[in-house]
Every structure is written in structure tokens, then in C-alpha cells.
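Commentary on secondary and tertiary structure
Now for the letters of each chain:
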Amino acid sequence: MAAMDLFGRRWALRILWELRAGPLGARALLARCEGLSSSVLYQRLRELASSGIIAPSADGYELTRLGTALRDALRPLDEWAIAWAQEQEHNDQEPTET
């Protein structure tokens, strides 16, 4: 349950998502996460690092071995979300009967 508590915190999954392709610095993360404050970013980075999911690197922050495994585990959810969004878009484009 501790993992769900961590991932349920605002911005945690978004930060992990942004790190999926490689390391990013704090400024890049702030730029990619519109509305995220620097204080919340640094708090989430500390929490994710202390959980062993990310680690500081020369280029900012990056996924650890555990973080990479989590990214891979979340891929089916990403695929589902894409299909769901496409379905929603399709439903919005259908003419409504009056």
C-alpha cells in the first residue's frame, strides 16, 4: 500500500512519466509539468529518491532499476489511456440526435 500512497500523491506519476525517456533536470521537469511548483517538485523528487525509484545523476534525475521496472509495468496503462482517449474523441465527433 505504501507504493499506492506514493504514486497517489499529486505530480508523482507525472514526474515519473517525464523521466521515462531519460534524465531531466529540475528546470526541465518544471517546464514540462505546467502548474507544478518548485517546492512540490523537490518534495516529490526527495520522496521518489528515498523510495529508490529515481536517483540524482549528472544530468538531473533519472529512473533507477526499480523505476525502469515501474515504467515498463505502466506501459499497458499508457496503451489503455491512449485507446480510451481515442474512443472519447470518437464519441465527441458522433452527431447527436435531436
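Here, every reference points to the structure presented above.
Values in this document were obtained by computation on a predicted structure and should not be read as measured data.

By secondary structure assignment, the location of Arg 46 is in helix H4 (residues 38-50). Taking C-alpha positions, Arg 46 is 16 Å from Trp 17, a pair spaced 29 residues apart along the chain.

In this section: helix H5 (residues 65-93). Over its 29 residues, H5 runs 42 Å from end to end, which matches the ideal 42 Å to within 8%, given 1.5 Å per residue. Within H5, the axis deviates most sharply at Arg 75, by approximately 35°, and proline Pro 76 lies no more than four positions further along. Sitting at the amino-terminal end of H5 is Thr 64, which places a side-chain oxygen 3.3 Å from the backbone nitrogen of Leu 66.

The backbone phi angle of Trp 11 is positive, close to 80°, even though this residue is not glycine. Its location among the elements puts Trp 11 in the loop between helix H1 (2-7) and helix H2 (12-18). Overall, the relative accessible area of 15% leaves Trp 11 in the buried class.

The tally for this structure, following the rule as stated, stands at six salt bridges. In this structure, Arg 32 and Glu 18 form a salt bridge, with 3.5 Å as the shortest nitrogen-oxygen distance. Here Arg 32 is found in helix H3 (residues 26-32), whereas its partner Glu 18 is found in helix H2, with 14 residues between them in sequence. Taking relative accessible area as the criterion, Arg 32 reaches 42% and is therefore assigned partly exposed. When its relative accessible area of 10% is taken as the criterion, Glu 18 is described as buried. When the shortest N-O distance is used, the salt bridge between Asp 72 and Arg 75 registers 3.0 Å. Residue Asp 72 and its partner Arg 75 are located together in helix H5, separated by three residues, close to a single helical turn. In the salt-bridge network here, residues are joined through shared partners; they are Arg 9, Arg 44 and Glu 47.

About the thresholds
Residues numbered from 1 in each chain as written. Predicted model: local features only at pLDDT ≥ 70, side-chain atom pairs only at ≥ 80, totals over all residues. Heavy atoms only, no water. Helix = DSSP H or I, 4+ residues; strand = E, 2+ residues; numbered from the N terminus. Expected span 1.5 Å × (residues − 1). Bend = angle between axes of the 7 residues up to and from the residue. Polar contact = N/O pair within 3.5 Å; in protein donor to acceptor, adjacent residues only side chain to side chain. Buried < 20%, exposed > 50% of the residue type's maximum accessible area, 1.4 Å probe, protein only. Salt bridge = Lys/Arg side-chain N within 4 Å of Asp/Glu carboxyl O.

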